[in-house]
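# Summary of the model geometry
As a plain string of letters, each chain reads:
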Amino acid sequence: MDFSTLERTQPQVVKLLHNSLKKDRLVGIYLFEGAKGTPKMEAAYYLASLVMCEGEEKPCGECLSCKRIRNGNHPRIFTIKQEGKGSILKSQVDELEHEFSRVSLEKGVRVFIIEDIDRATPEAANRLLKFLEETNIGTYGILTTESLQNVISTIKSRSQIVSFAKVPRNVVISEYRERGFEEEISRVLSFLTNDIDEGLTLIKENKIVQIIELVKKINRALLYGKENPELIMNDEGKFLLYEKDKKYHNIFLDLMATITNDRIYRKLGQMEEIVFTSVESDDNENIKEAFIRVEKILEYKQRIKYNVNLELMYLQMLIEIAR
C-alpha cells in the first residue's frame, strides 16, 4: 500500500503516530475521523505498519510485515467493512471476537481495523464495546468515520480521536494529474468528490464522460446561440433523460451550475476557481444575470427529489436559462 497521499496531505497525523511510537505512548484504540476523501484507511494501515515493521526506520517498506501489509494479506490484520444494507453487523463483530480469542499462528502484534464505525448497528456497537473492554496488550484497534457525531459516545470515550484535515482541492487535482488525467477532467473530478478513489470509479463510468461533454455542448449553445440547447438535450442527452438513477441527474445539474459559475470567475479574473478550463466567456455577459441562471439551475435540482417528467423539466429549465 502506498502511503504517499497520507504523508503529503496529513503530515500532522503522521507526526502524531511517529511521536507516539517513539515515546511509547501508543494507545490501544484509535478513532480516525475526517471528511470523505481523507486517507483514513491509508492511515490505519500506516499505523499497522509502524507497530508491525521489523526494520529500524519504521515503516521500512522492505521487511516481510511491510510487504504483506502493502499486498493486503497480513495474517495478523483483521479488517471489517460495511455489509448488508451498508451497515457493520453484529455477526462481523462476533467473527472479530472469535478470531482474536484464538491463539495466533504467528507471534506478534495484532491489529483490527473497522471502516465507518458510525454505520454499526446498535447490536454490533454494543458487542464491540464488550470486545474493546477485553482487548489484550499487543492488540491495536483502528476505527474510522466520516461522521464523528454518529459514533456512540461510549466508543468515543474508549478511543483516542485523531482528526484528519480536509484534503486541499489543489492536492486532489495534482493526484489526478499524476495519474495521467488532463487538467480539465482532473478539476471536474475534484469538484464532484474529494475522494480520489471515488473519482477514479466515477470516471470509469461512461455516463460521467457523456454528462461532461453534454454540459459543455449545452453551455456553448447558450453562450453563442448558434445551436438550440433543447435539441442538443433531446438528441445527445437521451441517455440522461432515460436514466433512473438520480445521482447522474444531480451531477448533470451541479455541472451545469458550475460551468456557468466558471464564466463568472473568468470574467472576474479568478482563474484558480475555474473547473472547466476550456469554457469560454462572453465579454458582454452580465454577471448578475449569470448568477440568476445558476440559481434557476439549482432550483430545478430541488425538483429531482420528487417524481417529475424529466424531459419536460429539462426543457423548461433550458428555455428559462436561455433567456
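Residues numbered from 1 in each chain as written. Predicted model: local features only at pLDDT ≥ 70, side-chain atom pairs only at ≥ 80, totals over all residues. Heavy atoms only, no water.

## Observations regarding the sheet that holds strand β3 (residues 110-114)
- Across the sheet, which stays open at both edges, the five strands sit in the order β2-β3-β4-β1-β5 with parallel pairing between neighbours. The outermost strands of the open sheet, each flanked by one partner alone, are β2 (77-80) and β5 (160-163). Averaged over all pairs of adjacent strands, the angle between strand axes in this sheet comes to 20 degrees, irrespective of strand direction.
- Running over the sheet, helix α5 (residues 90-101) touches β2, β3 and β4 (139-145) and is turned about 170 degrees from β2. (Pairing = 2+ DSSP bridges. Helix = DSSP H or I, 4+ residues; strand = E, 2+ residues; numbered from the N terminus. Axes fitted to C-alpha atoms, helices over the stretch in contact; angles between N-to-C directions. Contact = heavy atoms within 4.5 Å.)

## Re the state of the cysteines
- Using the criterion set out here, one finds zero disulfides in the structure.
- As a non-bridged cysteine, Cys60 has Cys53 as the owner of its nearest cysteine sulfur, 3.5 Å distant.
- On the basis of relative accessible area, Cys60 is assigned to the partly exposed category, the value being 29%.
- Left unpaired, Cys66 is separated from the closest cysteine sulfur, that of Cys63, by 3.6 Å. (Disulfide = S-S within 2.5 Å. Buried < 20%, exposed > 50% of the residue type's maximum accessible area, 1.4 Å probe, protein only.)

## Overview of the packing of aromatic side chains
- Overall, the coordinates contain eight aromatic pairs when judged by the stated rule.
- With centroids separated by 5.9 Å and ring planes inclined at 80 degrees, the aromatic side chains of Phe100 and Phe131 adopt a geometry described as edge-to-face. One end of the pair, Phe100, is in helix α5; the other, Phe131, is in helix α6 (residues 122-133), with 31 residues separating them in the sequence.
- For Phe100, a relative accessible area of 14% puts it in the buried group.
- Relative accessible area serves as the criterion here: at 6%, Phe131 is assigned to the buried category.
- Where Phe112 meets Phe131, the ring centres are 5.2 Å apart and the plane angle is 65 degrees; that geometry is what we call edge-to-face. Taken together, the residues Phe112 in strand β3 and Phe131 in helix α6 connect sequence positions 19 residues apart.
- Here the aromatic cluster, defined as three or more aromatic residues joined through ring pairs, consists of Tyr30, Phe32 and Phe164.
- Between the NZ or CZ atom of Lys207 and the centre of the ring of Tyr248, over which it lies, the distance is 5.1 Å. (Phe/Tyr/Trp six-rings, centres within 6.5 Å; stacked < 30°, edge-to-face > 60°. Lys NZ or Arg CZ within 6 Å of the ring centre and 35° of its normal.)

## As for the nonpolar core
- Within the largest apolar cluster, 44 residues are counted, with the highest numbers of intra-cluster contacts made by Ile211, Met233, Leu240, Phe252, Phe276, Tyr314 and Met317.
- The dominant element in this core, judged by the number of residues it contributes, is helix α14 (residues 246-268), at eight residues.
- The residues touching Tyr314, leaving out its near neighbours within four places in the chain, are Met233, Leu240, Leu241, His249, Phe252, Leu253 and Ile304.
- Counting residues in each nonpolar core, the second largest holds 26 residues, with Phe3, Val51, Ile77 and Val111 among its members. (Core = buried A, V, L, I, M, F, W, Y, C linked by side-chain atoms within 4.5 Å.)

## Topic: unusual backbone geometry
- Here the bond from Lys58 into Pro59 is cis, since omega is -10 degrees, no more than 30 degrees from zero.
- Structurally, Pro59 can be placed in the loop between α3 (40-52) and α4 (64-71).
- A positive phi is found at Asp24, a non-glycine position, where the angle reads about 55 degrees.
- Positive phi, close to 60 degrees, is recorded for Asp116, a residue that is not glycine.
- Relative to the helices and strands, Asp116 is located in the loop between β3 and α6.
- Note on Asp116: relative accessible area 13%, which makes it buried.

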